[in-house]
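Residue-level structure breakdown
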Amino acid sequence: MTKVELGKLPRTKSAEEVPKIFREPDVHNGYRVPHQPMKYYVFSVFQVHNELLNVWTHVLASSYLLYQTLSLTYVVDFFGDPYAWPLLLLCTACCTYPFLSSLAHLLQSHSESIHYTCFLVDYLGISYYGFTSGLIHFYYSAEESYYSVLPSGWLYLIVDIILSWFCCFACSYAKVKYNRPYPYARKMWQLCSVGSLYIWIIFPILQRIYVCRMSSCDDEAIGYHEAEIMWFLLGSVFFAVPYPQKFAPGFFDIIGHSHQLFHIFIPICTHSQIQAEFLDFQNRQDHIKVHFQPTFMNTFGITAILLVVNAATVLWLRSKALVKIAEKKS
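Scope of this entry: the structure provided in the associated data block. Just so it is clear, the structure is predicted and the values come from calculations on it, not from any experiment.

**Some points on the overall build of the chain**
- Helix and strand counts for the chain stand at 11 helices and two strands.
- Mapped in sequence order, the helices and strands of the chain form the string β-β-α-α-α-α-α-α-α-α-α-α-α.
- Its C-alpha atoms give the chain principal-axis dimensions of roughly 65 × 40 × 35 Å.
- The burial tally for the chain puts 52% of its 330 residues in the buried class.

Listed below in structure tokens is the structure:
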């Protein structure tokens, strides 16, 4: 372990010089030295390495989304108006998930145990964001006809919470179960769990867009909803496929890696989503008050249940990861 000072950080390593768990496919250089004091990884936010843009893209995104949220407090009474609670939950999740992601990428190179812990918590943040997105899409943005299809609003919320938990579980389970170089089965766990949640929560929006475009409606929020979907799908492509780094291994180690592009497009999606839901909150008050009667349980309560179950899942799978690390060392 070397002495760490800001401005005198250890040089980065090649892939062959770090344990397999830290290696990324087609990324040859720019790896930070493992097993250093924690402040080294904190200071590395100012060092050039292959996680730098993964960190900064989501630090900036979290900061901007927090600014966007604070700007809404001037026109939305988040605490005094119960109908604004779903928007508050969404904004909180939108600020949280990129913050947890940036922490994961900043600290994960410390050790195997920190690596697993960071990314399991990261998946918890993604699950939280997905759940609150589903909550607000149902309460604010669905068409009248959508409510008539469901026998109860609680059915939608129960499916939302189950799929959100499964997203956290599946991503975490696959992270712990598989070893690098990861088989494609791990990616399928991620894509299927996130994809099933996304299909469920985006359907009210897709129906709303279809009805609007078919009737040539004048709805200010629709353009933002369409942008939200477009940026999400574009980000998903770069999450799912290892390009452009696969075309030129080693060339995109620092800038241009697919995960960095994913980190850029998803917060743009989130910005569009917040704007769309704010407009729905403003312009659809009559609709919202007919279909949504806010209570603590159907807003903060059900969200708290998800977070507690997710936290228990993360702690359980983290214990499995620690056993796996210990067995490898023995």
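The rest of the description comes next.
**Notes on the side chain of Glu228**
- When you line up the elements, Glu228 lands in helix α8 (residues 220–240).
- Summary of buried charges: Glu228 has no salt-bridge partner, and the nearest side chain of opposite charge, Arg208, is 8.9 Å away.
- The residues contacting Glu228, other than those within four sequence positions of it, are His137, Ile202, Cys269, Ser272 and Gln273.

**Here we look at the environment of Leu279**
- Its location among the elements puts Leu279 in helix α9 (residues 258–283).
- C-alpha of Leu279 to C-alpha of Gln245: the two residues are 34 residues apart in sequence and 39 Å apart in space.
- In this structure Leu279 touches Glu220, Ala221, Tyr224 and Arg284, once residues within four positions along its chain are discounted.

**Digging into the packing of helix α4 (residues 112–141) against α9**
- One way to put it is that α4 packs onto α9 with a least axis distance of 10 Å and a crossing angle of 30°. Classified by the interaxial angle, the pair formed by α4 and α9 is roughly parallel. Of the two elements, α4 crosses α9, and the hand of that crossing is left-handed. Facing α4, whose interface residues are Tyr129, Ser133, Ile136, His137, Tyr140 and Ser141, α9 presents Cys269, Thr270, Gln273, Glu277, Asp280 and Phe281.

**Brief notes about unusual backbone geometry**
- Between Arg180 and the following residue, Pro181, the backbone shows a cis peptide bond with an omega angle of -5°.
- For His35, which is not a glycine, the phi torsion comes out positive at approximately 60°.
- Following the sequence through the fold, His35 ends up in the loop between β2 (29–31) and α1 (38–43).
- On the basis of relative accessibility, which here comes to 46%, the residue His35 falls in the partly exposed class.
- At Ser216, a position not held by glycine, the phi torsion is positive, near 55°.
- Mapping Ser216 onto the fold places it in the loop between α7 (184–214) and α8.

Definitions and cut-offs
Residues numbered from 1 in each chain as written. Predicted model: local features only at pLDDT ≥ 70, side-chain atom pairs only at ≥ 80, totals over all residues. Heavy atoms only, no water. Helix = DSSP H or I, 4+ residues; strand = E, 2+ residues; numbered from the N terminus. Buried < 20%, exposed > 50% of the residue type's maximum accessible area, 1.4 Å probe, protein only. Lys, Arg positive; Asp, Glu negative; His and termini not counted. Salt bridge = Lys/Arg side-chain N within 4 Å of Asp/Glu carboxyl O. Contact = heavy atoms within 4.5 Å. Axes fitted to C-alpha atoms, helices over the stretch in contact; angles between N-to-C directions. Parallel < 35°, antiparallel > 145°, perpendicular 65-115°, else oblique. Left-handed = near helix turned anticlockwise from the far one by under 90°.

On their own, these measurements won't tell you what the molecule is for.
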